[in-house]
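Chain by chain, the residues:
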Amino acid sequence: MLELRIQDSDVQRKSNVLAIVLWGLVAAGVILAAFNIVRGDTQYNLANSLFILFVLVLIVLNRFGAIRTASLLTVALTTLPILIASYLLTSWSAFVVAALMIAWATVVDIASPSLLILVVVAILSYLFADSLDRAYRENRHRALHDELTGLPNRTLFIDSLQQALNLPDRNLLAVLFMDLDEFKVVNDSLGHEAGDELLILVARRLQGCLRRGGIAARLGGDEFTVLLHDVTELGDAVKVAERIATALEDSLELRGRQVFISASVGIALSEDGDGTADTLLRNADVAMYKAKTKGNATYEVFNSDMHDEAMERLELENGLRHAIYQEELVAYYQPKVELSTGMIIGMEALVRWEHPERGLISPEKFVPFAEEIGLIVPLGRWVLGEACRQAYEWRKKYPTATPLVTSVNLSIKQFKQSDLLQEISGLLQETKLDPQGLQLEITESTVSSDVEFAADLLQKLRGLGIELAIDDFGTGYSSLMSLQQFPVNELKIDKVFIDGIGNNAQDMAITKLVIDLAHTVGVRATAEGVETADQLAQLQSMGCDQAQGYYFCGPLSGDAATDLLGNIPRWLIDHNPSEHSRNPGMPFEGKG
């Protein structure tokens, strides 16, 4: 098998050595292929076959005397993987391997072209391996750093924090969680590109506030974190938070405009956690949200009570989501009384939450929370639908000379829904309620935030045939001009002014002004929160049209409100306030 046609003994020796190497490669390929077949793994059969075929071609070349060509191809075939693999050790190791192989080849007298091929292969393999290494490092940097600011991202920050926490002899660690105040204003006014520029500038200032060993990272959006090593006491972390606040005080130049930015910061120490990075980061986050509630440019230090509050908020959120879709919400109704007759002419729908464990929860507890977490729209939709169904039943059961109008509060998020008109129209059709039996109450602050938008939408809502009222009037900034653009039927005077009637001249003057203003623009005036006969007498003397409050009746369940309407109650006004400090809530007279 190894016999050659040429008689040169040296050439024959080299050919024999090469043949042994080549047949060894063939044997290795066949064994590998057989092993894969036994295992049922056939995905490498094609590659093995091509390898064996290529080696057989080299054997044929060697047998027919093309020893030099076969040797060069064999060197290229076997040396390239060795050299590339050696680069995994260090960048220059392949040249050492190549030098050793050249030295060995010189000793055994391999042809000089083979040595040249070896050098070329070493250089090519170095370039190939180096490009792979650079690509890996670049990809790893992109994976672990924020593309916009170049700061470490959440993954790298948490990894670094956990490594620091795992050190056996470490000192106290501190994490600062920072959220920019009013960042959305910059995005909305100057654009997102300007917002990105602001984040880059903030990142630079943040890095400038850190001492040696501190790590600043961007978690996403306008949230940044800082890791402080070797903190001796809480005051060290507080000083860094104050340095950050000071660094952000100076204005920033954004596209020719001076912009001021501040940040709310939460501080958490490693002694307050359980030794995990996630817990420490969460504690700092909780403290930051606590700082947010105190206003801009503040910091707060985490304590265990904050965690309890956060858990309570989480349970409240989960419970509220469940309540909206599992019929744990209940609609209550408070009568609105016409002061000229003492008769009920309307009902305001209010929502209560019948929690399976906590009992009845007041709206003051969960409605602001629903607005904060984005549940106010489905919550408001439920109340609106329930009120429409109840209003239809009342108008059907008690068709009086003055048909009952049921009012529902509309949140600012509901008011700005793009499909609000379609939703209300659909509910009216679904419940068969006459549009005149529904009144929507929108706060003054909602309509005054965008007068043009509000006037257009209110006009379209009036086009459906429903009534409109501006709630909490007197607490916003509506002008007489803007009020004339709103096609409303009623102004509701906020309870804060009614409380001052009788003991605060300013509140009385404002109340009288709102009543006169309502009459001037041709709408009704309704007082909220009436609790005493004196307040009622004063309101009647001012010419107020309607009132509601505990003097007449508190919020009632649907069944209780139905029973009250069935009695046809009528309140009589007593103008002697000295004998009435507060009516317990029963009408003066009803159906006998």
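Residues numbered from 1 in each chain as written. Predicted model: local features only at pLDDT ≥ 70, side-chain atom pairs only at ≥ 80, totals over all residues. Heavy atoms only, no water.

1. Some words on the confidence of the model for the protein
Atom-level detail of predicted coordinates should not be read off regions where pLDDT is low.
Here is step 1: Chain-level pLDDT for the protein is 81 on average; 79% of the residues reach the 70-or-more range.
Here is step 2: Across residues 1-7, where pLDDT falls below 50, the model places 15 contacts with residues more than four positions away in sequence or in other chains.
Here is step 3: Here residues 575-586 is a poorly scored stretch, pLDDT under 50, and it has 18 contacts once near neighbours within four places are set aside; other chains count. (pLDDT = per-residue confidence, 0-100. Contact = heavy atoms within 4.5 Å.)

2. Structural notes on the nonpolar core
Generally speaking, nonpolar side chains in soluble globular proteins are found buried as a group.
Here is step 1: Formed by 81 residues in total, the largest nonpolar core has its most connected members in Leu438 and Leu440.
Here is step 2: Here this core gets 10 residues from one element, more than from any other, and that element is helix α13 (residues 376-397).
Here is step 3: In this view, leucine 440 contacts Leu384, Val408, Leu410, Ile424, Leu461, Ile466, Glu467, Leu468 and Ala469; residues no more than four positions away in its chain are not counted. (Core = buried A, V, L, I, M, F, W, Y, C linked by side-chain atoms within 4.5 Å. Buried < 20%, exposed > 50% of the residue type's maximum accessible area, 1.4 Å probe, protein only. Helix = DSSP H or I, 4+ residues; strand = E, 2+ residues; numbered from the N terminus.)

3. Regarding the side chain of glutamine 548
Here is step 1: Within the secondary structure, glutamine 548 sits in the loop between β16 (546-547) and β17 (556-557).
Here is step 2: Here glutamine 334 takes part through its side chain, which lies 3.2 Å from a polar atom of the side chain of glutamine 548.
Here is step 3: Residue contacts for glutamine 548: discarding those within four places in its chain leaves Gln334, Pro335, Lys336, Glu348, Lys492, Thr526, Ala527, Glu528, Gly529 and Val530. (Polar contact = N/O pair within 3.5 Å; in protein donor to acceptor, adjacent residues only side chain to side chain.)

4. Here we look at the environment of asparagine 153
Here is step 1: Within the secondary structure layout, asparagine 153 lies in the loop between α5 (112-144) and α6 (154-166).
Here is step 2: Under the relative-accessibility criterion, asparagine 153 is labelled buried at 14%.
Here is step 3: The spatial distance from the C-alpha of asparagine 153 to the C-alpha of phenylalanine 224 is 9.2 Å, given a sequence separation of 71 residues.

5. Concerning the sheet that holds strand β1 (residues 172-181)
Remark on secondary structure: sheet strands pair via backbone hydrogen bonds, oriented parallel or antiparallel.
Here is step 1: Pairing in this open sheet of 5 strands is mixed, and the strands run β2-β3-β1-β6-β7 from one edge to the other. Looking at the sheet topology across the chains shown, the edges are occupied by β2 (215-220) and β7 (299-301). Between one strand and the next, the sheet's axes are offset by a mean angle of 20°, whatever the strand orientation.
Here is step 2: Inspection of the sheet shows β1 paired to strand β6 (residues 262-269) by 8 bridges, in the antiparallel sense. Of the residues in β6, the one forming a bridge with valine 175 is alanine 268.
Here is step 3: Docked against the sheet, α6 engages β1, β2 and β3 (223-231), running at close to 20° with respect to β3. (Pairing = 2+ DSSP bridges. Axes fitted to C-alpha atoms, helices over the stretch in contact; angles between N-to-C directions.)

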